[in-house]
Amino acid sequence: MAPLLPLLCLGVAAAHLASARDAASTQEPPGPAWGLQGQPSPTLEGWEEASEWTSWFNVDHPGGDGDFESLAAIRFYYGPTRVCPRPLALEARTTDWALPSAVGERVHLSPARGFWCLNREQPRGRRCSNYHVRFRCPLEAAWGAWGPWGPCSGSCGPGRRLRRRSCPSPAGGACPGRPLEAQKCVRPQCPGCPDHTLLGSVLTPSSRPLPGARVSLRDDPDVVATTDARGAFRVPGVCASSRTNVSAQMDGFSAGAAQAQANSSVSAVVTVILHQLEKPYLVKHPESRVRAAGQNVTLCCKASGTPTPKKYSWFHNGTLLDRRQHRYGSHLELRGLRPDQAGSYHCKAWNEAGAVRSGTAQLTVLAPGQPACDPQPLEHLIRLPDDCAQPGGGPAYLNVGHCPDTPCPGTAGSGARCGDSPARCCSVQRLEKREVRCSGSLLPVKVVAECGCRKCLAPRGLVRGRVVAADSGEPLHFARILVGPEPVGFTSYQGDFTIEVPPASERLVVTFVDPSGEFVDAVRVLPFDPRGAGVYHEVKAMRKRAPVILEAGRSHRIPLGELEAAGPLGELVLPPGAFRRADGSPYAGPVEARVTFVDPRDLGSADTAPSDLRFVDGDGELAPLRTYGMFSVDLRAPGSAEQLHAGPVAVRVAADQIRMAGHVEALKLWSLNPGTGLWEEEGGFRREGAPGGGRARREERVFLVGNTEIRERRLFNLDVPERRRCFVKVRAYLSDKFAPNEQVEGVVVTLVNLEPAPGFSANPRTWGRFDSAVTGPNGACLPAFCDAEQPDAYTALVTATLGGEELEPAPSRPQPDAGAVGVAQPYLDRLGYRRTDHDDPAFKRNGFRINLAKPRPGEPSEANGPVYPWRSLRECQDAPTTASHFRFARVETDRYEYNVVPFREAAPASWTGDLLAWWPNPQEFRACFLKVQIRGPQEYTVRSHNAGGSHPRTQGQLYGLRDARSVRDPQRPGTSAACVEFKCGGMLFDQQQVDRTLVTIMPQGSCHRVAVNGLLKDYLARHPPPVPTDDPATFAMLAPLDPLGHNYGVYTVTDQSPRLAKEIAIGRCFDGSSDGVSREMKADAGTAVTFQCQEPAAGRHNLFQRLLESPAAVLGDIRREMGQAQSRALGPLRTRRGRARQ
């Protein structure tokens, strides 16, 4: 039934829309049937600050009965959190941005149900247009102060009292949290009842009985009973009508309590539920803040766990703050700030199971008169087009400036509430227009002239990707997605997903649950960019092993790891009678068992390993683990969906498979908490000798044995906490020139720790852990295991991807060059840098291997990276580009982008509102690409020139240029194709009027246009005005307003991240489909326009190159050639006329 869930949701949405057909609606007056100019709806103006508009949604296209934009369907496709529970209003516009009244169509709008337009209700000859809608949502409301406590409940004994608070929301919205708070209280002791009896039981939430639990009464702290094997207990002398509060305790569980209820005149019953202890974990970390001296600030910290942590401590620059002086709990409030209170702050939270430490927040306190934002912009170099470079020189760069996007202090009195995000940031205050002289033309550009404190763009961390099977690459259709323990949606049919990162998060723990049950739950900790740039991940799910049928009354041994070249690493031993149902009752029937093992001896299995191999140590800090294998256990009755429990079971590990010194003694068994993505200790191992306790013979294998219970948790790990830790510095660049100003942000860098075979560091025996990080403006620092004494005790394989594209590191053949690799000698030799193709040029060049040699004190060449000691994370993060680091470069270096209004796609906060901005909306980015086929002997660069088309204020003005190098089709010799970006048509940033961008496509060679996609040509003809196409060497059009697809050769993707939108659109363009993805060019699929190109004569440059080098001479040559051609054409005509006169 699980695969039918999305269809059921769609059925509900369809039924909802069907019921909407008879709903009453207000008929709008007729208007003109077409036009590009839109206008705001007069009924939607004048809203207060307590509400805001969502982004635009479009889930249906007109056809059949009409156009239906159901709220239920929007929540299904876009996610349940994209629209608030109770929208205040709804606005609808056509995809040409016209209101329904402007096109003379009758429509129905309901904020609670959505929008619908019926073809049968339209004037004769008209059908419904294609509409998109947006909703008005109230902002989150805030609670008022708590009221006084009420009276104590009950007539005697313990009770409780309540207090209330109200939610004064101007928009009528609900406040987060509860309006009631309870507190314990005690009245005079109740009289006893010697003839009465209290009967009870102590259970887990799954109804499993807990024998040996200690029971006490709230008014008597002594233990009055202990539960038996069935979890039951009996206490005489408790009055049946007293409603006594009963508590229970048991090792490994949090204390629980319940109130007894009378079931007869002389007896009462009670059931106490105990939850297994769970270490605390942070759900909200303190955030950095900027304040002026004298202002107030509130830092917030929130932890969860079982039981819920109640004790918090706050630290300033590593020093514990006095609790009585600051009166803090989970929130730290500082009033009347002084400069000496600036610095780093973090919190710790405790419960019965342990402690956890938060991330560090920086508090900046500005002295009186100190500006929060320097009006002088910082340097930001952009590369100019090639025709703007100096003759004989390299690329030309221009400093367009940028503002640091740091928070500014709020107004006096702000910051008193927990969670207040910065309202103002240091951003662009003023732009200046300039012109750059290039070959034969002037290039317009706008540069940052002044920075100032302005309203912040709220950062929205975004993670997008695809879930596929590790063995076949097939997508996981409609897999359930959970962020922590909370379900947030499903993957698409193609396995795609988009997740918005919750605010104040440092770890994004995501679980993908396959509805078919054929794959192990994929629990991943996905790195993200907290500044709001999107990050792409490909998640590989591991298929479960084929089931085996076990008899519950017999003993069974299931091998762990079955590589062809090596025996099992260990085995899982299930004794007879070990199986139980979830309620604790014995199970005696057949058992369908599927035990799936992630074997580190198989280097390809690292992609499928769950979580990120971290645990919370005794100090409350996240610490890394080194794995020797992970396994998933699935036990069911045949044909049943219910999971069976088992225990105690034994896990036996072959000691000869653990070769690292000290690891045999340190090996422990761990289980994964899927809600936190952290591993929690289950127990240790003991050495098992030969049978009978004698000494093992040489030919006998020695095993390490551990025991565990298989209950709710099903993912286990054989791990060792490792103390030899370092950080590795990695940067990504736009090209293999590794220019410091061309660093690429948002690249996912992955480091896999390898344990080498002795004497063969290039031939690893097994992998031990893996880590990923996202590059920021100063690269990324990846944790790794390292050793100071033995450089190759641990080695690492490092790779990098950007939106599915693999980046290349610096070469190492025949010998690594320190200048190219980015690491100084002799440290480079000690690290043993080798690119993956070092020994075989046929191998992929997508990574490098190094020895993780810890820097030695007193060695100057090892003092500045690229490997840093574990306690030097800040030095690694703040290292300048001149310090040693490893490097990756994009392979697709033949792509070039130029924007008149500069914008750093990796930093969405750098967006500036301007009519010439390439991206008009900083909250939603729409990327458009045209697929251009090239028939010719080589690859060619194709340029798109984008200027204002139909908007009166931008008409003829340049938005930007895009260059893309065509890619050969491996299946079609002599054919290549380029995916060229163009500026989408639509509203400009003022949201007042649309512009259909004038797009001109120009291959840079001796090329002429030979074909245009028929559907695209027909669409452009039906959406005037047409663009003259007299020049056979180009293709020009007014950009369509509709999101056309691969049948037109146009690829459009809308996303909250510009980079992700472009990468997805490029993948579809390569594939030639509207929903696929490929990195191999299919030149004949889904093309928009075709050009025929040929090589110029030997020694003769093509027209484009000649125009760059000498535009005046080239124009003179063209005039002469045109004059000669005209003379040749008129010569015969004059001769014929002369003969006629004769």
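Residues numbered from 1 in each chain as written. Predicted model: local features only at pLDDT ≥ 70, side-chain atom pairs only at ≥ 80, totals over all residues. Heavy atoms only, no water.

A. Quick peek at the overall build of the chain. Helix and strand content of the chain: twelve helices and 74 strands. Buried residues in the chain amount to 50% of all 1142 residues. In the chain, once contacts between residues fewer than 6 apart in sequence are set aside, the share between residues at least 24 apart is 69%. When the accessible surface of the chain is totalled, it reaches about 53,300 Å², and 51% of it is carbon and sulfur. (Helix = DSSP H or I, 4+ residues; strand = E, 2+ residues; numbered from the N terminus. Buried < 20%, exposed > 50% of the residue type's maximum accessible area, 1.4 Å probe, protein only. Contact = heavy atoms within 4.5 Å. Areas by Shrake-Rupley, 256 points an atom, 1.4 Å probe, with all protein chains shown as cover.)

B. A look at the sheet that holds strand S33 (residues 486-490). Strand order in this open sheet of four strands is S33-S32-S35-S36, and the pairing throughout is antiparallel. At either margin of the open sheet sits one strand with a lone partner, and together these are S33 and strand S36 (522-525). The mean inter-strand angle of the sheet, taken between neighbouring strand axes irrespective of direction, is 25 degrees. Relative to strand S35 (residues 509-513), strand S32 (residues 480-483) runs antiparallel, the two sharing four bridges. Bridging from a neighbouring strand, leucine 482 pairs with threonine 511 of S35. (Pairing = 2+ DSSP bridges. Axes fitted to C-alpha atoms, helices over the stretch in contact; angles between N-to-C directions.)

C. The packing of aromatic side chains, seen in detail. In this structure the tally under the stated criterion is 19 aromatic pairs. Measuring from ring centre to ring centre gives 4.9 Å for phenylalanine 497 and phenylalanine 512, while their planes differ by 55 degrees; the resulting arrangement is tilted. A residue pair is termed long-range when its members are at least 10 positions apart, and phenylalanine 497 in strand S34 (residues 496-500) and phenylalanine 512 in strand S35 qualify at 15 residues. Geometrically, the ring pair formed by phenylalanine 785 and tyrosine 794 is tilted, given 5.3 Å between the ring centres and 45 degrees between the ring planes. The same class applies to phenylalanine 785 as to tyrosine 794, namely buried. (Phe/Tyr/Trp six-rings, centres within 6.5 Å; stacked < 30°, edge-to-face > 60°.)

D. Fine view of helix H2 (residues 71-78). Of all the positions in H2, only Leu71, Ala73 and Ile74 are classed as buried. Summarising the axial view, the buried residues of H2 lie within an arc of 160 degrees, below the 170-degree limit, and thus occupy one face. One side-chain oxygen of the residue at the start of H2 lies 3.1 Å from the amide nitrogen of alanine 72, identifying that residue as serine 70. Looking one or two residues beyond H2, the residue adopting positive phi is glycine 79, at roughly 105 degrees. (Arc of directions from axis to C-beta. Polar contact = N/O pair within 3.5 Å; in protein donor to acceptor, adjacent residues only side chain to side chain.)

E. Examining the pattern of salt bridges more closely. The final tally for this structure, using the stated rule, is 51 salt bridges. Across the pair glutamate 91 and arginine 134 runs a salt bridge, and its minimum N-O distance is 2.9 Å. Linking glutamate 91 in strand S3 (residues 89-94) with arginine 134 in strand S6 (residues 131-138), this pair joins segments that are 43 residues apart in sequence. Assessed through its relative accessible area of 4%, glutamate 91 is described here as buried. (Salt bridge = Lys/Arg side-chain N within 4 Å of Asp/Glu carboxyl O.)

F. Broad picture of the side chain of glutamate 981. Here glutamate 981 is to be found in strand S67 (residues 975-982). Accessibility expressed as a relative area gives 4% for glutamate 981, which makes it buried. Side-chain polar atoms of glutamate 981 contact the side chain of arginine 962, separated by 2.9 Å. Once you skip the residues sitting within four places of it in the chain, glutamate 981 turns out to touch Glu897, Trp918, Trp919, Cys928, Phe929, Ser944, Asn946, Arg962 and Lys1062.

G. Representation of the sheet that holds strand S5 (residues 114-118) within the structure. Overall, antiparallel pairing links the three strands, which are arranged S2-S5-S4 in an open sheet. One side of each edge strand has no neighbouring strand; the edge strands of this open sheet are strand S2 (66-70) and strand S4 (108-110). Averaged over neighbouring strand pairs, the angle between their axes works out to 10 degrees when direction is ignored. The sheet contact formed by S4 and S5 spans three bridges and is antiparallel.

H. Region of the structure containing unusual backbone geometry. Of note, the bond from threonine 306 into proline 307 is cis; its omega dihedral lies within 30 degrees of zero at -5 degrees. With respect to the helices, strands and loops of the structure, proline 307 is situated in the loop between strand S20 (302-306) and strand S21 (311-316). Look at the link from glycine 865 to proline 866: it is a cis peptide, with omega at 5 degrees. Turning to its location among the elements, proline 866 is positioned in the loop between strand S59 (847-851) and strand S60 (867-869). Of note in this structure, arginine 327 is not a glycine but carries a positive phi near 50 degrees. Tracing the backbone through its elements, the reader meets arginine 327 in the loop between helix H4 (323-326) and strand S23 (331-334).

I. Examining the state of the cysteines more closely. All told, the structure shown has 14 disulfides when counted by the stated rule. A disulfide bridge connects cysteine 403 with cysteine 451, and the sulfur atoms are separated by 2.1 Å. Because the torsion about its S-S bond is -90 degrees, the bridge between cysteine 403 and cysteine 451 counts as left-handed. Of this pair, cysteine 403 sits in the loop between strand S28 (397-399) and strand S29 (424-438) while cysteine 451 sits in strand S30 (residues 441-455), and the two are 48 residues apart along the sequence. The pair cysteine 403 / cysteine 451 is uniform in exposure class, with both members buried. One disulfide bridge connects cysteine 408 with cysteine 453, the sulfur atoms lying 2.1 Å from each other. In this structure the cystine formed by cysteine 408 and cysteine 453 twists about its S-S bond by roughly -85 degrees; its chirality is therefore left-handed. Linking cysteine 408 in the loop between S28 and S29 with cysteine 453 in strand S30, this pair joins segments that are 45 residues apart in sequence. Note on cysteine 408: relative accessible area 3%, which makes it buried. Taking relative accessible area as the criterion, cysteine 453 reaches 26% and is therefore assigned partly exposed. (Disulfide = S-S within 2.5 Å.)

J. Representation of the confidence of the model for the chain within the structure. Confidence in the prediction for the chain averages 82 pLDDT; 86% of positions are at 70 or higher. Of the regions scoring below 50 in pLDDT, residues 1-45 engages in 75 contacts with residues more than four places distant in sequence or in other chains. Ignoring residues within four places in sequence, the model shows residues 1124-1142, a span with pLDDT below 50, making zero contacts including any to other chains. (pLDDT = per-residue confidence, 0-100.)

K. Just the nonpolar core, in detail. Counting residues in each nonpolar core, the largest one holds 72 residues, and the members touching the most others are Leu572, Phe579, Phe631, Val651, Leu667, Leu718 and Phe886. With five residues, the top contributor of residues to this core is strand S51 (residues 725-733). Beyond its immediate chain neighbours, meaning those up to four positions away, phenylalanine 579 contacts Leu550, Ala552, Leu574, Pro586, Tyr587, Val591, Leu635, His645 and Ala646. Of all hydrophobic cores here, the second largest spans 41 residues; its members include Leu398, Cys438, Val445 and Tyr896. (Core = buried A, V, L, I, M, F, W, Y, C linked by side-chain atoms within 4.5 Å.)

L. Structural context of the pairing of S6. Counting buried positions along S6 gives seven out of eight residues, so the element sits mostly inside the fold. Inspection of the sheet shows strand S1 (residues 51-53) paired to S6 by three bridges, in the antiparallel sense. Opposite serine 51, over in S6, you have proline 138 as the bridge partner. When S3 meets S6, the two strands line up antiparallel, connected through six bridges. Within the sheet, the bridge partner assigned to glutamate 91 lies in S6 and is arginine 134.

M. The arrangement of the side chain of threonine 306 in detail. With respect to the helices and strands, threonine 306 occurs in strand S20. Judged by its relative accessible area of 18%, threonine 306 is buried. Those residues in contact with threonine 306 that sit more than four places away from it in its chain are Ser254, His275, Gln276, Leu277, Glu278 and Asn351.

N. Region of interest: helix H9 (residues 1014-1022). Within the span of H9, buried status applies to Leu1016, Tyr1019 and Leu1020. For H9, the angular spread of buried residues about the axis comes to 95 degrees, placing them on one side. Exposed and facing more than 90 degrees away from the buried side of H9 are Lys1017 and Ala1021.

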